[in-house]
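For reference, the chains in residue letters:
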Amino acid sequence: MSKIEFDKYEVGQELPPIKVDTITHAHLVRYAGASGDFNPIHNDPDFARKTGLDGTIAHGMFVMAQIGRLCTSWADQKQIKEFGVTFKAMTKPGQKLTCSGKIKRKKEENGEKLLTVAVEAADESGEVKASGELVVIC
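Residues numbered from 1 in each chain as written. Predicted model: local features only at pLDDT ≥ 70, side-chain atom pairs only at ≥ 80, totals over all residues. Heavy atoms only, no water.

Under an unreviewed UniProt entry, the protein chain has the name Dehydratase and belongs to Leptospira haakeii.

Here it is in structure tokens:
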């Protein structure tokens, strides 16, 4: 992570991607403990199947946290003005994610130099699980 300088980046430039290890049941159980989200669709395969799923699914916020790792590995947390995502598809144990970002816009507004970065997490097949934006103050 380093301080992001406005003049060193151009629209279309990509952030170094983050590869997420294969998601396991243990990841989901640990995330449930850390987040307090004990919804059984995330940690009880039988319950998840009874609700119509093929098995457990990762917490959406777990996926968002992986994108957050991408953001904070690139920019100093003090520079992050906004960060948000929209959830697109379910993530299941056994999948691997790649979190990526691309500079979408540069602008100066109210005395601030801002970079807007499109961010996303996708699985090995390219299915986007979550996508959104990061806004950094330079």
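Okay, back to it.
> Please give an account of unusual backbone geometry that cites residues and values.
Located in the positive-phi region is Asn110, a residue other than glycine, with phi close to 50°. Along the polypeptide, Asn110 turns up in the loop between strand E3 (97–109) and strand E4 (112–123). (Helix = DSSP H or I, 4+ residues; strand = E, 2+ residues; numbered from the N terminus.)

> Just give me the short version of the nonpolar core, but keep the residues and values in it.
Judged by nonpolar contacts, the single largest core of 29 residues is most densely connected at Ile67 and Trp74. Residue assignment for this core shows that the elements contributing at least two residues are strand E1 (18–20), helix H1 (25–35), helix H3 (60–74), E3, E4 and strand E5 (128–137). It is H3 that contributes the most residues to this core, seven residues altogether. (Core = buried A, V, L, I, M, F, W, Y, C linked by side-chain atoms within 4.5 Å. Buried < 20%, exposed > 50% of the residue type's maximum accessible area, 1.4 Å probe, protein only.)

> Hey, could you go over the packing of aromatic side chains for me, with residue numbers and the actual values?
According to the stated counting rule, one finds two aromatic pairs in the structure shown. On the numbers, 5.3 Å between centres and 80° between planes, the contact of Tyr9 with Trp74 is edge-to-face. Residue Tyr9 is found in the segment before E1, and its partner Trp74 is found in helix H3; the two are separated by 65 residues along the sequence. Each member of the pair, Tyr9 as well as Trp74, is classed as buried. Measuring from centroid to centroid gives 5.7 Å for Tyr31 and Phe62, while their planes differ by 80°, and the two rings are edge-to-face. (Phe/Tyr/Trp six-rings, centres within 6.5 Å; stacked < 30°, edge-to-face > 60°.)

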